[in-house]
Amino acid sequence: MRNDTNFKQQIKQQFLLKSIAAKVSRLVELELTNKCHNGCSYCGVFDQTQLSEINFNDLTRFLDTMAARARDSRKQFSVSLCGGDPLLYSQFEPLVLWLKQHGIPFIIKANPSTMTRDRAVLLRKNGCEAVRFTLFGNRTTHNANRGRDTIEELENKTKMLKELGIPVMWNLTLGKINLDQTLSALPFILAVKPDGISIGRLARMGTLARQEEFTDLTPKEYRSFLLKILEFYYDHYQQGFTLMFKEKLWIPLLIEEGLLDITPENLQKMVLGCEAQGNLLTINQKGEMLACGLLPTLTMGSIGKDSWEKAYLPDNRPLSLKKESVCSPCTYFSCCKGCRAIALANSGGLYNKDPQCWVTLPGVARPNRETNQ
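Residues numbered from 1 in each chain as written. Predicted model: local features only at pLDDT ≥ 70, side-chain atom pairs only at ≥ 80, totals over all residues. Heavy atoms only, no water.

Moving on, we come to the overall build of the protein chain. Helix and strand counts for the protein chain stand at 14 helices and 9 strands. By the compact-globule yardstick of 21 Å for 373 residues, the protein chain fits well, its C-alpha radius of gyration being 20 Å. Counting only C-alpha atoms, the protein chain reaches 55 × 50 × 40 Å along its principal axes. Sequence-distant contacts in the protein chain: of pairs separated by 6 or more residues, those separated by 24 or more amount to 71%. (Helix = DSSP H or I, 4+ residues; strand = E, 2+ residues; numbered from the N terminus. Rg over C-alpha atoms; globule rule 2.2 N^0.38 Å. Contact = heavy atoms within 4.5 Å.)

Now the structure itself:
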């Protein structure tokens, strides 16, 4: 791989574009509702005993102001519709029409089982830029853990959306439970041909809080997995297969493997890594502003009471580039930063080392779950 100049250039170009986008964009993730029919065994975020959804009037008023400010500062403003199941939001169609009317680009993280053709047409007519689905391992593991979202639903709805001209991305949600199964699903991915795949790790939250056998990968296991995914990408990139380098730990892996020729000095200048420390804002179904949906206890006010500026005040952001972070001496710190949500959920400390990071830092011991509570 390291000797293929075309492959290396493609990877470098992806990261340069990511860095540019991070400088000029502002993304808001909208957890429209916590209602969902699936009851996925690994979903530890949403409490189905207290169903709620974002107030439509508060939301549109908030987005209107934020979009206007973004235009004034020449930022590219976009939203991501998610949940729960965003398709079960009672004001879903009015919201989609409102976004189109106000020229706000959006994507949706949806469930295949509730994605009907009528909803797909609604999305296409109103400017949806992409749909994201979840793949949870191979057929057996996926069907056992994804409720109504069977592998058949995933395949059929992906093909339907692509036929309508809507790009479809798959997120490979990964934990100890489905590491090998996800690798065995790669031929299936190649056959269905989503427009891209990304990697997302399980956090030990909610129902998974005490299930490390379900979630926790060792750094060695995770690096080996990423390398196998990278090799699969290399084998098929010339056929149009796309790997989206969403995961923070791609950068050390790519540099170690000689596939990302960017000097440490240039890395310091690039805006990469954890978006929750910069241009990302999440609004949950209660209307609370969060830095990240996987950090539900770190709130920064409410859209019904507070302005969006409050969420971007440096002193109000719950994440910062603290010097006391055990990651701060790392060469890759400025462009990686690890996943703070995984660090908090799986090791007990917001600024602990990312539990799946294999990079060794001199004199830094990997903290255990009892430290930095």
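Moving on, there is more to tell.
A few words on the packing of aromatic side chains. Note on aromatic pairs: each is described by the distance of the centres and the angle between the planes. Taken as a whole and judged by the stated rule, the model has 11 aromatic pairs. Where tryptophan 170 meets phenylalanine 188, the ring centres are 5.6 Å apart and the plane angle is 25 degrees; that geometry is what we call stacked. Residue tryptophan 170 is located in strand β5 (residues 168–174), and its partner phenylalanine 188 is located in helix α8 (residues 186–192); the two are separated by 18 residues in the primary sequence. Here tryptophan 170 and phenylalanine 188 have matching classes, each one buried. Between phenylalanine 245 and tryptophan 250, the aromatic rings sit 5.1 Å apart at their centres with planes inclined by 90 degrees, giving edge-to-face as the arrangement. Per residue, the accessibility class of phenylalanine 245 equals that of tryptophan 250, and both read buried. By way of ring pairs, the aromatic residues Phe7, Phe15, Phe232, Tyr233, Tyr234, Tyr237, Phe241, Phe245 and Trp250 are connected into one cluster. (Phe/Tyr/Trp six-rings, centres within 6.5 Å; stacked < 30°, edge-to-face > 60°. Buried < 20%, exposed > 50% of the residue type's maximum accessible area, 1.4 Å probe, protein only.)

Glancing now at helix α2 (residues 56–72). For α2, built from 17 residues, the straight-helix expectation of 24 Å at 1.5 Å per residue is met to within 8% by its first-to-last C-alpha distance of 24 Å. Restricting attention to buried positions, one finds in α2 the residues Phe56, Leu59, Thr60, Phe62, Leu63, Met66, Ala67 and Ala70. Mapping the buried residues of α2 onto a view down its axis gives an arc of 160 degrees, with all of them on the same face. In α2, the exposed residues that point more than 90 degrees away from the buried face are Asn57 and Asp72. Considering only its buried residues, α2 is in contact with β1 (25–31), β2 (76–82), α3 (92–101), β7 (280–283), β8 (288–290) and α13 (308–312). One or two steps after α2, the chain reaches arginine 74, where phi turns positive at roughly 60 degrees. (Expected span 1.5 Å × (residues − 1). Arc of directions from axis to C-beta.)

Next up on the list: the sheet that holds β1. As summarised here, the arrangement of the 9 strands in space is β6-β5-β4-β3-β2-β1-β7-β8-β9, forming an open sheet in which the pairing is mixed. Two strands lie at the open edges of the sheet, namely β6 (196–201) and β9 (299–302), each paired on one side alone. Each strand of the sheet is rotated relative to its neighbour by a mean of 25 degrees, with strand direction disregarded. Across the sheet, α3 lies against β2 and β3 (106–109), angled at about 165 degrees from β2, the strand it touches most. (Pairing = 2+ DSSP bridges. Axes fitted to C-alpha atoms, helices over the stretch in contact; angles between N-to-C directions.)

On to the environment of valine 28. Mapped onto the secondary structure, valine 28 falls in strand β1. Overall, the relative accessible area of 0% leaves valine 28 in the buried class. Residues valine 28 and methionine 289, 261 residues apart in the sequence, show an inter-C-alpha distance of 9.8 Å. Filtering out sequence-adjacent residues up to four positions away, valine 28 remains in contact with Met66, Phe77, Ser78, Val79, Ser80, Leu281 and Ile283.

What follows is about the pairing of β7. Residues Leu280 and Thr282 line one face of β7 and the alternating positions Leu281 and Ile283 line the opposite face, and both faces are buried. The pairing of β1 with β7 spans 4 bridges and is parallel. For leucine 30, the partnering residue across the bridge sits in β7 and is isoleucine 283. Pairing of β7 with β8, which is carried by 2 bridges, proceeds in the antiparallel orientation. Each residue of the ladder has a partner; that of isoleucine 283, found in β8, is methionine 289. Hairpin remark: β7 followed by β8, antiparallel, with 4 residues in the connecting loop; positive phi at glycine 287, about 85 degrees.

Bringing the nonpolar core into the picture now. By size, the foremost hydrophobic cluster in this structure holds 110 residues, and its most contacted members are Phe15, Val79, Leu81, Leu123, Val131, Trp170 and Trp250. Those residues in contact with leucine 81, other than ones at most four positions away along the chain, are Leu30, Leu32, Pro86, Phe92, Leu95, Val96, Leu99, Phe106, Ile107, Ile108 and Lys109. With 6 residues, the next largest nonpolar core counts Cys40, Phe136, Leu208 and Phe214 among its residues. (Core = buried A, V, L, I, M, F, W, Y, C linked by side-chain atoms within 4.5 Å.)

Another aspect to go through is the side chain of aspartate 354. By the secondary structure assignment, aspartate 354 is in the segment after α14 (340–347). Separated by 2.7 Å, the side chains of aspartate 354 and arginine 201 make a polar contact. In this structure the side chain of aspartate 354 is engaged in a polar contact, spanning 2.8 Å, whose partner is the backbone nitrogen of cysteine 339. When residues no more than four places from it in sequence are discounted, the contact partners of aspartate 354 are Arg201, Leu249, Cys327, Gly338, Cys339, Arg340 and Ile342. (Polar contact = N/O pair within 3.5 Å; in protein donor to acceptor, adjacent residues only side chain to side chain.)

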